[in-house]
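Geometric and topological summary
Next come the chains, spelled out residue by residue.
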Amino acid sequence: QVQLVESGGGLVQAGGSLRLSCAASGRIFSLNAMTWYRQAPGKQRDLVATITSGGTTIYTNSVKGRFTISRDNAKNTVYLQMNSLEPEDTAVYYCAANIDGRVYWGQGTQVTVSS
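Residues numbered from 1 in each chain as written. Predicted model: local features only at pLDDT ≥ 70, side-chain atom pairs only at ≥ 80, totals over all residues. Heavy atoms only, no water.

A complete count under the given rule lists 1 disulfide for this structure. The disulfide partner of Cys22 is Cys95, and the gap between their sulfur atoms is 1.9 Å. Of this pair, Cys22 sits in strand E3 (residues 18-25) while Cys95 sits in strand E9 (residues 91-99), and the two are 73 residues apart along the sequence. Accessibility classification places Cys22 together with Cys95 in one group, the buried group. (Disulfide = S-S within 2.5 Å. Helix = DSSP H or I, 4+ residues; strand = E, 2+ residues; numbered from the N terminus. Buried < 20%, exposed > 50% of the residue type's maximum accessible area, 1.4 Å probe, protein only.)

Below you can see the structure in the form of structure tokens.
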């Protein structure tokens, strides 16, 4: 059974940094694109950044220059380095991964940025 487990969320002051991790485990033959989403209270879940198996990255405009997505294929793990955090970044962050053609989701990790 495939699982995604996120970690690294927390409370930080505006201007601070956090690093999120998401590790995939279980029976995995092909780990394709890995993506971070976020969902603020009362809002829809939005894409933050995605990285393909080859390392190509895409970011939503609001995080460009502040967030960096990366992955360690040997560890089946994706990271999201978040710098210069703003209160507007407060949300539950979810990772999603395309594994063997199916999309799996993590349970989410809370990120709270205080002003």
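What follows concerns the sheet that holds strand E8 (residues 77-82). Pairing between the strands of a sheet is mediated by backbone hydrogen bonds and can be parallel or antiparallel. Strand order in the open sheet formed by 4 strands is E1-E3-E8-E7, and the pairing between neighbours is antiparallel. Taken across any chain shown, the strands that pair with only one partner, and hence form the sheet edges, are strand E1 (3-7) and strand E7 (67-72). If you compare each strand with its neighbour and ignore which way they point, the axes differ by 15 degrees on average. Where E7 and E8 come together, 6 bridges link them in antiparallel fashion. Following the sheet pairing, Arg71 is matched in E8 by Val78. (Pairing = 2+ DSSP bridges. Axes fitted to C-alpha atoms, helices over the stretch in contact; angles between N-to-C directions.)

The biggest cluster of nonpolar side chains holds 29 residues, and the ones touching the most others in it are Trp36, Leu80, Met82 and Tyr93. Residue assignment for this core shows that the elements contributing at least two residues are E3, strand E4 (31-39), strand E5 (46-51), E7, E8, E9 and strand E11 (109-114). It is E9 that contributes the most residues to this core, 5 residues altogether. Beyond its immediate stretch of four places on either side in the chain, Met82 contacts Gly16, Ser17, Leu18, Leu20, Arg66, Phe67, Tyr93 and Val111. (Core = buried A, V, L, I, M, F, W, Y, C linked by side-chain atoms within 4.5 Å. Contact = heavy atoms within 4.5 Å.)

With that settled, the discussion passes to the pairing of E3. Bridge count between E1 and E3: 5 bridges; the pairing is antiparallel. The residue of E3 that forms the bridge with Gln3 is Ser25. One ladder, built from 6 bridges, connects E3 with E8; its direction is antiparallel. Residue pairing in the sheet places Leu18 in a bridge with Met82 of E8.

Under the criterion given, the structure shown has 3 salt bridges. Arg66 is the partner of Asp89 in a salt bridge, and the nearest nitrogen-oxygen pair spans 2.8 Å. A residue pair is termed long-range when its members are at least 10 positions apart, and Asp89 in the loop between E8 and E9 and Arg66 in the loop between strand E6 (57-59) and E7 qualify at 23 residues. In terms of burial, Asp89 and Arg66 fall into one category: buried. Here the salt bridges share partners, and the residues they tie into one network are Arg38, Arg66, Glu86 and Asp89. (Salt bridge = Lys/Arg side-chain N within 4 Å of Asp/Glu carboxyl O.)

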